[in-house]
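# Results of the structural survey
Single-letter residue listing:
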Amino acid sequence: MDAERLDRIITFLQASEALKDTLRSGRTAQGRSESTAEHSWRLCLMAMLFAVEVEGVDLLQLMKLCVVHDLGEAISGDVPAIHQDPTDDRQARERADLVTLCTPLPADLRAEMIALWDEYAAARTPEAVLAKGFDKLETMLQHIAGRNAADFDYAFNLGYGVTQTDRHPLLREIRKRVDDATRAAMAAQKRRR
């Protein structure tokens, strides 16, 4: 590997480290804010564990999509789902942020990263459908697992990401269980009041 290529990749990796400090609205089981990097890690774990249940899925491609899907948040941060404005072109901003983040990369790797993000955003391939659905489910699972404020809106989970989780039978099966766990969290919250 030539020195310039190596340096460009390391520069990108150092900039991507910002995802470790990019906080999300989700809380961990200990009650601290979750980072985007932590979300992406568990999304990859989820994809790895469930992909073996789906015939014909390219696990490497699925993993790449999961790793890349929130990289742009290293620049502009995360917008919690409950605060997302349908009139805001968040997707365009996240793509532009990814392009900026990838600027140091060699052209071939930059093109690959952007193509992966575009595949994820379009959700037309089986891998992208699963990545998008797992992304929603991971967020919902974190809502259930987190030590949340007493007035946390667990009901939000029940309508969140339905379009994405309805696109594959495995996603629907997982969704049923997550919805059941959400209802249980809602009932427990009600008993505490």
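Within any chain, residue numbers begin from 1 and follow the written order of that chain's sequence. Per-residue local features of the predicted model are confined to residues with pLDDT of at least 70, and side-chain atom pairs are confined, for both listing and counting, to 80 or more; whole-chain, interface and lining totals are unaffected and use all residues. As a rule here, side-chain values come from all non-hydrogen atoms in the structure, and water together with hydrogens is ignored.

### Notes on the environment of Gly31
Working definition: helices are DSSP H or I runs of at least four residues, strands are E runs of at least two. Numbering for both runs from the N terminus. Mapped onto the fold, Gly31 is located in the loop between β1 (23-27) and β2 (33-35). The spatial distance from the C-alpha of Gly31 to the C-alpha of Pro104 is 36 Å, given a sequence separation of 73 residues.

### A short note on the pairing of β1
Note on strand geometry: in a regular strand, side chains alternate between the two faces of the sheet. Only strands joined by at least two bridges in the DSSP assignment are considered to pair. Examined bridge by bridge, β1 and β2 share two bridges and lie antiparallel to one another. Paired with Arg27 across the two strands is Ser33, which belongs to β2. Between the antiparallel neighbours β1 and β2 lie five residues, among them Gly31 with a positive phi of about 95°.

### A look at the state of the cysteines
Cysteine sulfur pairs qualify as disulfides if the two atoms are within 2.5 Å. According to the stated counting rule, one finds zero disulfides in the structure shown. Free cysteine: Cys44, not disulfide-bonded; nearest cysteine sulfur from Cys66 at 5.1 Å. Cys102 forms no disulfide, and the closest cysteine sulfur to it belongs to Cys44, at a distance of 16 Å. When accessible area is computed with a 1.4 Å probe and restricted to protein chains, residues below 20% of their type maximum are described as buried, those above 50% as exposed, and intermediate ones as partly exposed. Judged by its relative accessible area of 0%, Cys102 is buried.

### Describing the packing of aromatic side chains
Ring pairs are drawn from Phe, Tyr and Trp, using the six-membered ring of Trp, whenever the two centres fall within 6.5 Å, and their geometry is named by plane angle: stacked under 30 degrees, edge-to-face over 60, tilted for the rest. Across all of its chains, the model carries three aromatic pairs by this definition. Aromatic pair Phe50 and Phe134: ring centres 6.0 Å apart, planes at 25°, arrangement stacked. Of the two residues, Phe50 sits in helix α2 (residues 36-51) while Phe134 sits in helix α7 (residues 126-145), which places them 84 residues apart along the sequence. By relative accessible area, which is 29% here, Phe50 ends up partly exposed.

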